[in-house]
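Geometric and topological summary
So you can see what is in the structure, the chains are spelled out below.
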Amino acid sequence: PAPALGSPPAFVQPPPARASTVVRGGFDGTQPMDYSKAGMQTVSDLESLAGELNPVVKFFDPLNLAEQEFWGDSNEATIAFLRYSEIK
């Protein structure tokens, strides 16, 4: 039989294991995150921003998400998460 081109997968060396870059944080509710709140927005910031961006609708939060505190974190951190997830 003719030799196969390339190398069989059984003889290919697996890539080296990566070191984890994930740092266990406060998103599971067990450890509060310690970070600077510089630049984080509050509900009043959202209300004024909404009025500037859309003067007809203004602030619209029917699920009251801007008042919540996800994963035991602060209200400002929850707003930051929601604003970041909007962009995605």
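Residues numbered from 1 in each chain as written. Predicted model: local features only at pLDDT ≥ 70, side-chain atom pairs only at ≥ 80, totals over all residues. Heavy atoms only, no water.

1. Notes on the overall build of the chain
Under the convention used in this document: Under the DSSP-based scheme used, a helix requires at least four consecutive residues in state H or I and a strand at least two consecutive residues in state E, with every element numbered from the N terminus. Three labels apply to residues, based on accessible area from a 1.4 Å probe with only protein chains included: buried if under 20% of the type maximum, exposed if over 50%, partly exposed otherwise in between. Only heavy atoms enter the contact rule, under which two residues are in contact if any of them lie within 4.5 Å. Throughout, the Shrake-Rupley method with a 1.4 Å probe supplies accessible areas, and for residues the shown protein chains are the sole cover considered.
A tally of regular secondary structure across the chain gives two helices and zero strands. Per-residue burial for the chain yields a buried fraction of 14% across its 88 residues. Sequence separation of 24 or more characterises 46% of the internal contacts of the chain that already satisfy a separation of 6 or more. Of the roughly 7500 Å² of accessible surface on the chain, 60% is carried by carbon and sulfur atoms.

2. Describing unusual backbone geometry
At K58, a residue that is not glycine, the phi angle is positive and equals roughly 60°. If you trace the backbone, K58 turns up in the loop between α1 (43–53) and α2 (75–87). Even without being a glycine, N64 presents a positive backbone phi close to 60°. Looking at the element boundaries, N64 is found in the loop between α1 and α2.

3. Quick notes on the pattern of salt bridges
Selection rule: Here, a salt bridge means any side-chain nitrogen of Lys or Arg that lies within 4 Å of a carboxyl oxygen of Asp or Glu.
For the coordinates displayed, the defined rule picks out one salt bridge. The closest approach of N and O atoms between E86 and R83, which form a salt bridge, is 3.4 Å. Of the two residues, E86 and R83 both sit in helix α2, three residues apart, roughly one turn of that helix.

4. Digging into α2
The test is simple: By definition here, a helix of n residues has an expected span of 1.5 Å times n minus one.
In this model, α2 (13 residues) spans 19 Å end to end at C-alpha, consistent with the 18 Å of a helix rising 1.5 Å per residue. Here α2 has its buried residues at N75, A77, T78 and I79.

5. So, α1
Here is the rule we go by: The directions considered for the arc run from the helix axis to the C-beta atoms.
Within α1 the residues assigned to the buried category are V43, L46 and A50. Seen end-on, α1 carries its buried residues on one side only, within an arc spanning 55°.

6. Description of the confidence of the model for the chain
We count it as follows: Each residue carries a pLDDT score, the predictor's own confidence in it, on a scale running from 0 to 100.
Residues with a pLDDT of 70 or more make up 57% of the chain, whose mean pLDDT is 75. Note that residues 20–24 has pLDDT below 50 and, in this model, two contacts with residues that lie over four places away or in other chains.

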